[in-house]
Amino acid sequence: MTRICLTIEYDGSDYAGWQIQPNAVTVQACVEAALERVVGSPVRLYSSGRTDAGVHAAGMKAHFDVETLLPLSAYREGVNRALPSAIVIREAVVVADNFNARFDACGKWYQYQIYRSNIRSPLHRRISWQLGNALDLDKMIYAAQFFVGKHDFNAFRSSSCVSETSVRELYSFEIVEDGEMLLFNVRGRGFLKNMVRILVGTLVDVGIGRLAAETVEQLLLDGSRQDAGRTAPAHGLCLMDVWYEKM
């Protein structure tokens, strides 16, 4: 038995998220079906995590096992020929038998994009949150610093989140201006359901003056979901990379 890890890129606009669901088209289901056509038998993928409906990925990692190893090109070029245009295998590598795409991950990098203009952009509409509001960037950057480190992010997770603990560690939280685009680069060990989207939505509420920047610090101490900001739309979020000490 050989274990292989895939790096997968996808436009999540038309999918009900990563994970297989009944009566829904998901990214995992599409990749497993394409793998089955190449391998000749059912394949089960184990991913580094899940993305919600509408969320994109540039570097989702997922592993699977095969009894007979084919040339690695079969798991990339061969599988890509069987995939829809919105999904592609970027890389396929052989990994250790005990490698686990989820539990061995040292960190993840998410990027959220906001397009700031009063004129809508057809080109950015599927990959960014388009806001015409004038945002106070200095206040947003100041508030974002409170997120870095190990905190209880209970106020920044979905009410349907089932994780036993809401304590997570963020390595960095950067806000970068790129013309009309505002990029939120968030790196951390792990994330709660909708966490990045709520963090961004809260910062937007700070930026438009709906919340005070200092409120963020208090929310990390004793806040609840109803006290935090809005949930940013899914289509502005992309899983950029997942990294490991070794693969």
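Check the entry above for the structure.
Chains are numbered independently. Their residues run from 1 in the order of the written sequence. For a predicted model such as this one, the threshold for reporting local features is a pLDDT of at least 70, and the threshold for listing and counting side-chain atom pairs is 80 or more; totals across whole chains, interfaces and linings nevertheless cover every residue. Calculation of side-chain values draws on the structure's entire complement of heavy atoms; hydrogens and water are dropped beforehand.

Visitor: I'd love a proper account of the overall build of the protein, names of residues and values included.
Guide: Strands here are runs of E lasting at least two residues and helices are runs of H or I lasting at least four, both read from the DSSP assignment and numbered beginning at the N terminus. The helix and strand tally for the protein stands at 5 helices and 10 strands. Considering only C-alpha atoms, the protein reaches an extent of 60 × 40 × 30 Å along its principal axes. Looking at the protein residue by residue over its 247 residues, the buried ones come to 49%. Note on contacts: a residue pair is in contact if any heavy atoms of the two residues lie within 4.5 Å. Sequence separation of 24 or more characterises 71% of the internal contacts of the protein that already satisfy a separation of 6 or more. When the accessible surface of the protein is totalled, it reaches about 12,200 Å², and 46% of it is carbon and sulfur. Here Asp and Glu are counted as negative and Lys and Arg as positive; His is not counted, and neither are the chain ends. For the purpose of locating charges, the reference atoms are NZ of Lys, CZ of Arg, CG of Asp and CD of Glu. Measuring between centres, the 26 positive side-chain charges of the protein sit 4 Å from its 28 negative side-chain charges. Categorising residues by exposure relies on relative accessible area from a 1.4 Å probe, with only protein chains included: less than 20% of the type maximum marks a residue as buried, more than 50% marks it as exposed, and the intermediate range marks it as partly exposed. Using the Shrake-Rupley algorithm and a 1.4 Å probe, accessible areas are obtained, with residue cover drawn only from the displayed protein chains.

Visitor: Talk me through a nonpolar patch on the surface; I want residue IDs and the actual numbers.
Guide: On the surface, L69, L72 and V94 cluster together to form a nonpolar patch covering roughly 230 Å² of accessible area. Its location among the elements puts L69 in the loop between β3 (56-66) and α2 (72-81). Surface patches are defined over residues having more than 30% relative accessible area and no salt bridge, joining like charges when they lie within 9 Å and nonpolar side chains (Val, Leu, Ile, Met, Phe, Trp, Tyr) when within 5 Å. In what follows, salt bridge is the name for a side-chain nitrogen of Lys or Arg lying within 4 Å of a carboxyl oxygen of Asp or Glu.

Visitor: I'd like a rundown of the pairing of strand β10 (residues 237-244), residues and numbers included.
Guide: Relative to β10, β3 is paired through 2 bridges, and the arrangement is parallel. Within β10, the position partnered with H56 by the bridge is C238. With 7 bridges joining them, strand β5 (residues 105-116) and β10 adopt antiparallel strand pairing. Each bridged residue has a counterpart across the sheet, and for A105 the counterpart in β10 is Y244. By definition, two strands form a pair when at least two bridges between them are found by DSSP.

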